[in-house]
Amino acid sequence: MTIAVLALQGAFAEHEQMLRRLGADVFEVRNLRDWQRHKDGLVLPGGESTVQTQLLMQLRLLEPMRQAISDGLPVLATCAGLILLARQEGGQPRNGLCTMDIDVVRNAYGRQLGSFHTLGRVEGIDGEVPMTFIRAPYVGKVLSPDVDVLAEVDGRIVAVRQRNQIATAFHPELTDDSRLHQMLIGCAKTFCS
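Residues numbered from 1 in each chain as written. Predicted model: local features only at pLDDT ≥ 70, side-chain atom pairs only at ≥ 80, totals over all residues. Heavy atoms only, no water.

Looking at the overall build of the chain
Then, in step 1: The number of helices and strands found in the chain is 6 helices and 13 strands.
Then, in step 2: On C-alpha atoms alone, the chain measures out to a radius of gyration of 15 Å, which is about the 16 Å that the 2.2 N^0.38 rule sets for 193 residues.
Then, in step 3: Principal axes of the C-alpha set define a box for the chain whose edges measure 40 × 35 × 35 Å.
Then, in step 4: For the chain, with 193 residues in total, the buried portion stands at 53%.
Then, in step 5: Sequence separation of at least 24 residues holds for 64% of the intrachain contacts in the chain that already meet a minimum separation of 6.
Then, in step 6: For the chain, the accessible area works out to roughly 8,600 Å², and carbon and sulfur atoms hold 46% of it.
Then, in step 7: For the chain, the distance from the average position of its 20 positive side-chain charges to the average position of its 22 negative side-chain charges is 5 Å. (Helix = DSSP H or I, 4+ residues; strand = E, 2+ residues; numbered from the N terminus. Rg over C-alpha atoms; globule rule 2.2 N^0.38 Å. Buried < 20%, exposed > 50% of the residue type's maximum accessible area, 1.4 Å probe, protein only. Contact = heavy atoms within 4.5 Å. Areas by Shrake-Rupley, 256 points an atom, 1.4 Å probe, with all protein chains shown as cover. Lys, Arg positive; Asp, Glu negative; His and termini not counted. Charge placed at Lys NZ, Arg CZ, Asp CG, Glu CD.)

As for unusual backbone geometry
Then, in step 1: In this model, Cys-79 sits at a positive phi of 55 degrees, which is unusual for a non-glycine residue.
Then, in step 2: Take Cys-79: it is sitting in the loop between strand S4 (75-78) and helix H5 (80-85).
Then, in step 3: The phi dihedral of Asp-154 falls on the positive side, at around 55 degrees, and the residue is not glycine.
Then, in step 4: Turning to its location among the elements, Asp-154 is positioned in the loop between strand S11 (147-153) and strand S12 (156-162).

Some details on helix H3 (residues 49-58)
Then, in step 1: Residues of H3 that are buried: Ser-49, Gln-52, Thr-53 and Leu-56. Seen from one end, H3 has its buried residues packed into an arc of 100 degrees, which puts them on one side.
Then, in step 2: Structurally, H3 contributes buried residues whose contacts are with strand S1 (2-6), helix H4 (62-70) and H5.
Then, in step 3: The distance from a side-chain oxygen at the start of H3 to the backbone nitrogen of Thr-50 is 3.1 Å, and the residue carrying that oxygen is Glu-48.
Then, in step 4: Downstream of H3 by one or two residues, Arg-60 has phi in the positive range, about 60 degrees. (Arc of directions from axis to C-beta. Polar contact = N/O pair within 3.5 Å; in protein donor to acceptor, adjacent residues only side chain to side chain.)

Quick look at the environment of Arg-66
Then, in step 1: With respect to the helices, strands and loops of the structure, Arg-66 is situated in helix H4.
Then, in step 2: Along the sequence, Arg-66 and Ile-125 sit 59 residues apart, while their C-alpha atoms lie 28 Å from each other.
Then, in step 3: When neighbours within four sequence positions are excluded, Arg-66 is seen to be in contact with Asn-95, Gly-96, Leu-97 and Thr-99.
Then, in step 4: Only 2.8 Å separates the side chain of Arg-66 from the backbone oxygen of Leu-97, close enough to count as a polar contact.

Some remarks on the pattern of salt bridges
Then, in step 1: Considering all chains together, one arrives at 9 salt bridges under this definition.
Then, in step 2: A salt bridge links Arg-94 to Glu-89, with the nearest nitrogen and oxygen atoms 3.1 Å apart.
Then, in step 3: On the accessibility criterion, Arg-94 (13% relative accessible area) is buried.
Then, in step 4: The salt bridge partner of Arg-106 is Glu-89, with a shortest N-O separation of 3.0 Å. In this pair, Arg-106 is assigned in the loop between strand S7 (100-105) and strand S8 (116-121) and Glu-89 in strand S5 (residues 86-89), connecting sequence segments 17 residues apart.
Then, in step 5: Look at Glu-89 and you get partly exposed, because its relative accessible area is 24%.
Then, in step 6: Shared partners join several salt bridges into a network, and the residues in it are Glu-48, Glu-89, Arg-94 and Arg-106. (Salt bridge = Lys/Arg side-chain N within 4 Å of Asp/Glu carboxyl O.)

A short note on the packing of aromatic side chains
Then, in step 1: In this structure the tally under the stated criterion is 2 aromatic pairs.
Then, in step 2: When the centroid spacing of 4.7 Å and the interplanar angle of 10 degrees are considered together, the rings of Phe-116 and Phe-133 count as stacked. Linking Phe-116 in strand S8 with Phe-133 in strand S9 (residues 128-133), this pair joins segments that are 17 residues apart in sequence.
Then, in step 3: Given a relative accessible area of 25%, Phe-116 falls into the partly exposed group.
Then, in step 4: Grouping aromatic residues by their ring pairs yields a cluster made of Phe-116, Phe-133 and Phe-170.
Then, in step 5: Positioned over the ring face of Phe-27 is Arg-37, at 4.1 Å from the centre of the ring.
Then, in step 6: Here the guanidinium or amino end of Lys-39 rests over the ring plane of Trp-35, the centre of that ring lying 4.1 Å away. (Phe/Tyr/Trp six-rings, centres within 6.5 Å; stacked < 30°, edge-to-face > 60°. Lys NZ or Arg CZ within 6 Å of the ring centre and 35° of its normal.)

Below, the structure is given as structure tokens:
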């Protein structure tokens, strides 16, 4: 099982550590040559979504990545990654990957000092899941019945799934709980078979 991790900016190293703990082979995507390697899944990490989008365009990664996700490549997107996948932001079209039928609200939880940690339920996972929010977005609106809401915190949607795409507003890689990464690996195994 080989998982690609977008490593242009943001908190990618923690995802790599989590995936390696689960027995996955991991490589970083920093350019088009990296992207062309075989992969069974993809992680889009937190960070700054505007910077990540600009770098994806400059490095000619945006279109091939969008096509692979549209063709079924399993992806786990966290925080800024959720914004990259969203079709809309505040009711306006986005220029990111735009493969998930959601409308996001950026920096919904305020500045860095407004970050917080809580426990919540995630559909398909037994027990509570630790959730760390850092200048996090949330899903303001689901735009298609194809999108399943996996989790809400205080009435806000913070985790969704659309076919091969799993996206969270929080950072599962900053905890010891590996169940969302296991969900990605499970999806990747199905994609491979």
